[in-house]
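Structural description and commentary
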Amino acid sequence: MSQVLQEITACIGQPVAGNPTQYVMEKAYAKAGLDWRYLTLEVPAAGLTDAVRGMRALGFRGFNCTRPHKCTVIPLLDGTTQAAGLTGAVNCVFREGEKLIGENTDGKGFVESLRTLIDPLGKRVVILGAGGAARAIAVELGLSHVSHLTIVNRSAERGQELASLVHEKLSVPTDFVAWNGDYAIPAEAEVLINGTSIGLFDSSARVPVDVNTHRAGRIVADVVFSPVDTRFLREARERGATTLDGLGMLVNQARLNFKIWTGVEPDAELMRDALEEYLCV
Ligand code: NDP
């Protein structure tokens, strides 16, 4: 009789720039003494249903979803957590008995990172962007009871939809601002987040904000993790803001996924070091 010697987890989707998560997870499994594996499996949209059925049959302990599966995977699962249900996107799937449950750890990862500098409870926050990352963050900040949220987005439809979701489902006063030209940051904003993809793999890319409206004491965060120190963060810091890079969010979501799947708290420092090593930062 054969014996299963290891548990399998995976990332399904279109991996960007290789897969830093695989590198980090396998190092963290080894450090925790777990004979687990993390695979990177490229799955086209048309193959998602079969892939999830295969994961069930093969007894995978869980998997991450990246583009283009974060939303379309939901009907193939047996349920979602509150955050994933509200966000309408899943980046982490885990087993509950025979059931596959979808979670969203992107927003939680960001908020954990933010908490190293400030408690979001009762704070006024501005989010630039309304795509997948911004949406997960907005929902998690709503669940963390920020006092006011402003969504700033180029596409009015996407931005308005997100603002309405947070306002109606989480009862957080939220407004939408259409993004035309340089955005003037309101003086009362305590936290400003770049939730767009501007700056990814481009250290000179400029997020259109009026840099003269930065101020000391404000926290300015970026979801972009490569480069780690983006132009957006550099310009804010030069004007006195305290900055938070996107690597913390990435490490935290990987840490949360690890804990959800294994029940074990991983070595977070080792995970950040492994990510920095992989990304050469
Ligand atoms: P999406 O494609 O879902 O959303 C992109 C967002 O950026 C949209 O709001 C889009 O606006 C906006 N945008 C893009 N280009 C411009 C531009 N030139 N001017 C104004 N707005 C622009 O992407 P994701 O949300 O999935 O990812 C966004 C970023 O977050 C990526 O860099 C990704 O790597 C990063 N990320 C980081 C994570 C981490 O752990 N640190 C986790 C997940 C993502 P519009 O709606 O108008 O198109």
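Below is a summary of the structure that appears in this document. Values in this document were obtained by computation on a predicted structure and should not be read as measured data.

1. Things to note about the layout of surface pockets
One number sums up the size of the second largest pocket: a volume of about 160 Å³. If you go around the second largest pocket, the residues you meet are E112, S113, T116, L244, D245, G248, V251, N252, R255, A268 and R272. Looking at the lining of the second largest pocket, the elements with two or more residues in it are α4 (105–114), α8 (246–262) and α9 (268–279). No other element matches α8, which puts four residues into the lining of the second largest pocket.

2. Quick look at unusual backbone geometry
With an omega of 0°, the peptide bond between R67 and P68 qualifies as cis. Within the fold, P68 resides in the loop between β3 (62–65) and β4 (79–80). In the segment running from S226 into P227, the intervening peptide bond is cis, with an omega of 5°. Examined against the element boundaries, P227 turns out to sit in the loop between β11 (219–222) and α7 (231–238).

3. Overview of α4
Of all ten residues making up α4, eight are buried, and the element is well covered by its neighbours. Taken together, the buried positions of α4 are T105, D106, G107, G109, F110, V111, S113 and L114. You can read the cap of α4 off the contacts: a side-chain oxygen lies 2.9 Å from the backbone nitrogen of D106, and it is on N104.

4. With respect to the site of the ligand
Of all residues adjacent to the ligand, which total 22 residues, the nearest are R67, A133, N153, R154 and S155. One of the side-chain nitrogen or oxygen atoms of R67 is found 2.7 Å away from an oxygen atom of the ligand. Between the ligand and A130, the relevant distance is 2.9 Å, taken from an oxygen atom to a main-chain nitrogen or oxygen of the residue. For the ligand, whose free accessible area comes to 930 Å², the fraction covered by protein is 79%. Among the elements of the structure, α5 (132–143) and α8 are those that each provide at least two residues to the shell around the ligand. Top contributing element to the shell around the ligand by residue count: α8, with three residues. Here the residues of the shell around the ligand are counted per class, giving nine nonpolar, nine polar and four charged. Here the shell around the ligand spans two domains, since at least three of its residues come from each of domain 1 (2–104 + 248–279) and domain 2 (108–245).

5. A look at the pattern of salt bridges
Throughout the structure, instances matching the rule amount to 19 salt bridges. Taking the shortest distance from any N to any O, the salt bridge between R56 and D78 comes out at 3.0 Å. Here the residue R56 occupies a position in helix α2 (residues 48–58), and D78 occupies one in the loop between β3 and β4, the gap between them amounting to 22 residues. R56 gets classed as partly exposed once you look at its relative accessible area, which sits at 28%. Of the charged contacts in the structure, one is a salt bridge between R115 and D119, with a shortest N-O distance of 3.1 Å. The class of D119 is partly exposed, set by a relative accessible area of 38%. Put simply, E112, R255, K259 and E265 are held in one network by salt bridges that share partners.

6. Quick look at the environment of L165
Here L165 lies in helix α6 (residues 156–170). In this structure the C-alpha to C-alpha distance between L165 and G33, which are 132 residues apart in sequence, comes to 42 Å. The contacts of L165, once residues within four sequence positions are left out, are L86, R135, V139 and L170.

What counts and how
- Residues numbered from 1 in each chain as written.
- Predicted model: local features only at pLDDT ≥ 70, side-chain atom pairs only at ≥ 80, totals over all residues.
- Heavy atoms only, no water.
- 1 Å grid on protein atoms, 1.4 Å probe; cavity = no way out; pocket = protein on both sides within 12 Å on 5 of 7 lines; lining within 4 Å.
- Points joined across faces, edges and corners; volume = space filled by probe spheres on them.
- Helix = DSSP H or I, 4+ residues; strand = E, 2+ residues; numbered from the N terminus.
- Buried < 20%, exposed > 50% of the residue type's maximum accessible area, 1.4 Å probe, protein only.
- Polar contact = N/O pair within 3.5 Å; in protein donor to acceptor, adjacent residues only side chain to side chain.
- Near = heavy atom within 4 Å.
- Areas by Shrake-Rupley, 256 points an atom, 1.4 Å probe, with all protein chains shown as cover.
- Nonpolar A, V, L, I, M, F, W, Y, C, P; charged D, E, K, R; others polar.
- Domains from an automatic or database assignment.
- Salt bridge = Lys/Arg side-chain N within 4 Å of Asp/Glu carboxyl O.
- Contact = heavy atoms within 4.5 Å.

Honestly, that's just the spatial picture; any functional story needs more than this.
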